[in-house]
Amino acid sequence: MAEPLVSLCNIRKEFAGVVALDDVSVTINKGQVCCLAGENGSGKSTLIKVLSGMYRPEHGTIEVDGHVYESFTPADAIRSGFQFIYQDFSLLPNLSVAENIAFGELVASGGFLYSVQRARTIAQRALSRINFHVDVDAPAGELTLAERQLVAIAAALAKDARLIVMDEATTALSRKEVEQLLAIIEDLRSQGVSTLFVSHKLDEVVSISDHTIVLRNGTKVADRPAEGMNRAELINAMTGKDVAMNHVSEPISADAPIALEVSHVSRPHCFSDVSFQLHEGEILGVTGLLGSGRDTLALALFGLLPITEGTISIYGERVSIRNPRDAMKHGIGYVPADRLTEGLFLDHSIASNVAIRTIKQIRNAIGLVTRGAIVRTGQDWVDRLHIKTPNVANPVSGLSGGNQQRVVLAKWLSGKPRILILNGPTVGVDIKSKSEILDQLREFAADGMAVIVISDDIPELLDVSNRIMLMRSGSIAAIRERKDITESNLNELLVEQ
Amino acid sequence: MRTIQQRFKRTARTQEAILLLVIAIVVTLLTAANPSFMTISNIFDILRIMTVSGMMALSCLLIMISGGVDVSFPAVADAAAFAGATILLQAHFNGSGLVLFLTAIPLGMLMGAINGFFVGWFRIPTMIVTLGTQSLFYGASLYFLGGVSIFELPQGTKDLAQKALITVDSGSGTSSLGPLFLVLVIMAIGVSLLLHRTSFGRSIYALGGNEMVVERSGINIRLRYLCLYSLAGAISAIAGAANATIYRNANPVGLQGQEMGIIAAVVLGGALITGGKGSVTGTLLGVLLIAIIQNSLVLVGIPSTWQNVVIGIVLAAGIAIPAVRHLIDARNKTEVLI
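Owing to the predicted nature of the structure, the values given are computational and were not obtained by experimental measurement.

The next point concerns helix H13 (residues 371-384) of chain A. All names here are of chain A. An ideal rise of 1.5 Å per residue puts 20 Å on 14 residues; H13 measures up with 20 Å between its terminal C-alpha atoms. All buried positions along H13 are accounted for by Ile374, Val375, Thr377, Gly378, Trp381 and Val382. Along the axis of H13, the buried residues cluster in a sector spanning 160°; they form a single face. More than 90 degrees from the buried face of H13, the exposed residues found are Gly372 and Asp383. On the buried face of H13, the contacting elements are helix H12 (350-355) and helix H14 (401-413). Count one or two residues on from H13 and you reach histidine 386, which has phi positive near 55°.

Okay, here's the thing in C-alpha cells:
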C-alpha cells in the first residue's frame, strides 16, 4: 500500500574531511508526513540539501519513482516535484501574492510574455487547495508571518509539489497558527502530497507525523512510525542522553524584596490595566497568543513602546521609562526575540558583541578601549556561559544558534541587570543547549536577578518559571504558581476564548 | 480584502501623485511669475532637455529595480556615441543619422555586458563595479580615440538634428520639437511593457526583492544580470547618440557628472534605491520636474548660481518625504502586529 516516493540510499557527505552524513538511508512514501528531527549540527540541513540537489553526496544514490539517480541536480529535484519551504519562506516581498505563487510557472520557466490574469488564476487555484483566502494583489511583504507561510505552501503546490519539505517552518508562528498549519498538512496528506517536516519543536513532531527519523552526529539513530513514540524517547534519540525538562520551581518566598511592580499600566491597542509584581530571584514566565500583548508589554518595560497610563516601580522607587536608556539606567535588560536582527552584530567578533554593553566600564586610564580589554571581557563570559568557540575573536555568525543566543545573554548579563526580560530565549536553539540556557537562567535568578521570560514554548516556560502569567487580548488572563499548573491545563487556558 | 487592495494601490501611486502635484504647483508659480513660461517654445525646450536625461534615467531605473546603483551610464553613453561617431567618420559614412544610433548600440551593450559580468559572476555590488568601469570607459575612450570633441558629425546626423516632428508657429517665429523626443516616448513605453508584461521584466523586480529566492526558483541569475546590464548599456548608448545628435557634437566627456542627478531623479520618481520597486511614469515625472527647474529658474529671475541649490532642495525633499512616510508606516504596523 505504501508506495515509496523517494529513497535516499546510503548517503555519505563530507565537508573538508568532516563527516556530515554517514551512511544515511531514508525513504519517504507517497502521502506520508515524515518528520526529521535532530539537534543543530546533526546533519538535518545537509540531508535536506542533498534532497534538493544542492549538495552532491560522496557516496550513495537517490531513487525517485523507481529511477536511480547517480547525480541528483536541483533541476532533477524540481522535476521530481520536491519543493522546499525555508525558514524565511522564500517570498519576494515586493511582488504580489499572485506573482509569488505563479513565479515558478510564469517567470522562472515561463515564456517571454507575462500575464497578470494568468498569475491570478494560478494563485487562486493553488490557494483554494489549502482553503486560504487572501488578497492575491497585495504585496507579499504586507502579510503576517502566518499568511506568508501559507502563501509559500500555495507556491509549492502551484509547482505541482509531490513532496513539500518544511525547514523549521514553524519557528515564527504562534501556537494557534501552527495548529492551522498542521491541519493543512493533514489535508495535503489526503491529496497524496508528502511532507517532510524539520522541526525543533518536539510537540509538533509528535503530533503530526506518520513517521519519525532522528539524526544524531550525521548518523540515523531512529527511523520508525511516529505512533507510540513519546517525547522522552525522542529527546533521548536526539541527544543520546536523558535531558530532563521537567523541573518544577518552587514559589519565591513572599519576604523576598519586590524587584518590579507594575500597576495598572496601559497602552492603547497594546495592553490595558496590567498589574503584577516580580520578586527578586523570581522567574516569571509570560505566554499568550500573538497579539495578546505579551510582546508589547515587554517592549513597554524596556521603553521601546512607553506606557501611557499606570506606574512602574523598581525596588519600591517609582520610575519613568520613556526609552531604552531609561530602562538600562534602572537596571532593566531586554533580550529580543529576533537575535539575528536585533541582538547581534553578526559579522563582529564574539568578544566585541559581549563587550558592547559595558564598553564604558572597560576603558583604561586614558579613556581608550583596548583590544585586550575586549578580549578579556569576551573570554570571561565565554567561560562562564560555556560558549563553544576556539577563539573569541571569531565572528558570531559562525556560531550555532544556541551559542549565538548565549552571546546575546552574555551581552546583557555583563551589564549586571537587576531585571532581565527575555523574549523567546531559546527560539531556534536545539534541545540540549536549550536546557543548558534554562539552567543558567535559573542560576542567575538564584543570585538575585529578577527574570521575565516570554515564550510560546510551553514546556520551556514550565521548566524555567516560578510563576506563569497568561495574557489574552491585552490583559492578564491568569497568574499561577508553577507548582499549581500542568502542561495540559496551561494549554487549555491558552486557547480558551 | 478590498481595503487592503485599495491601500496598496494608493501607496503604489502616491509618489507619482505627489510628483504630479508638485509639478502642477511649480508650473503654476512659474507661469504666474513669468507668463512666457507657458509658451510652446519653452515647453519644447523643456522636452528637449529631458530627452537625453530621460533616456539615461530609463537605463538607471532598470538597474535600480534589480537592486543595483549604476553610476556608469553617462560614461557608457559618451563612450558609445564618441566611438560610434569616430567609426562613422573614419568610414566616411554619408547615410542616415540613425546609423550613429545603430553603431553606438552594440558598443553600449558590450560595455553593459562588462558591468553585468562583474555583477553576475563575482557578486560585486553594482556601485563598486560601475565606479570602476566608468573610469575604464572614459579612460579607454580618451586613450584610443583622443579627447577632442567631434563637431564635424556626418551629414545624416546633422540632418536628423534639424528635422522637426512638430512645428508650431507662435507669433515670434516657429518652434519645433525634434523626433528624438518621440524616441524617448517609444523607449519609455517599451521599458514599461518589458517590466510589466514580460517574464524577464518580472524577474528584474524579483531580483531586487530577493536575489536568493530567484536563484532558488531555478533561474540562471548570472545570465539575467548579463542580459539586463547589456540592455541598460544599449539604452545608455541611445542616450549618448541622442545627445550627440541634439547638441551636434560628440563630446567624449559630455555627460560626465550627470549620474548623481539622474539617480536622484529616479529615486524622486519613487524607485527604491535598494531595489524591487520603481516605475517608468514616476521616473519620467522626476526627470521632467528637474528639467522644468533647470530650464525655468532663469526665466523667473533666480540667478543660475542658485539652480543647483534649488535642485538639491527639491531632490532632498522628494526623497525624504517617502522615507519619512515609510518610517511612519513601519511604526504603525509594528504596533498593530505585536
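Moving on: unusual backbone geometry. Residues and elements named next belong to chain A. Positive phi, close to 50°, is recorded for aspartate 23, a residue that is not glycine. Positionally, aspartate 23 belongs in strand S2 (residues 18-29). The phi torsion at aspartate 160 lies on the positive side, around 55°, for a residue other than glycine. Take aspartate 160: there are 14 C-beta atoms within 10 Å of it, and that puts it in the partly exposed class.

All right, on to the confidence of the model for chain B then. Across chain B, the average pLDDT comes to 87, with 92% of residues at or above 70. Here the complex is predicted with pTM 0.75, and the ipTM for its interfaces comes to 0.81.

The interface of chain A with chain B comprises 30 residues on the first partner and 26 residues on the second. Counting residues per element, the ones that place at least two in the side of chain A that touches chain B are helix H2 (74-79), helix H3 (97-108) and helix H9 (294-301) of chain A. For the side of chain A that touches chain B, the leading source of residues is H3(A), giving six residues.

Attention now goes to the packing of H3(A) against helix H8 (residues 199-209) of chain B. Two elements in contact, H3(A) and H8(B), have axes whose closest approach is 11 Å; the angle formed by their N-to-C orientations is 130°. Overall, the two elements H3(A) and H8(B) adopt an arrangement that is oblique. H8(B) is crossed by H3(A), and the crossing has left-handed handedness. Contact residues: H3(A) offers A:Glu99, A:Phe103, A:Leu106 and A:Val107, while H8(B) offers B:Ser199, B:Arg202, B:Ser203 and B:Ala206. Along the lines of polarity and charge, the residues of the contact of H3(A) with H8(B) split into four nonpolar, two polar and two charged.

What counts as what
- Residues numbered from 1 in each chain as written.
- Chains lettered and ligands numbered in written order.
- Predicted model: local features only at pLDDT ≥ 70, side-chain atom pairs only at ≥ 80, totals over all residues.
- Helix = DSSP H or I, 4+ residues; strand = E, 2+ residues; numbered from the N terminus.
- Expected span 1.5 Å × (residues − 1).
- Buried ≥ 20, exposed ≤ 12 C-beta atoms within 10 Å, placed from the backbone.
- Arc of directions from axis to C-beta.
- Contact = placed C-beta atoms within 7 Å.
- pLDDT = per-residue confidence, 0-100.
- Axes fitted to C-alpha atoms, helices over the stretch in contact; angles between N-to-C directions.
- Parallel < 35°, antiparallel > 145°, perpendicular 65-115°, else oblique.
- Left-handed = near helix turned anticlockwise from the far one by under 90°.
- Nonpolar A, V, L, I, M, F, W, Y, C, P; charged D, E, K, R; others polar.

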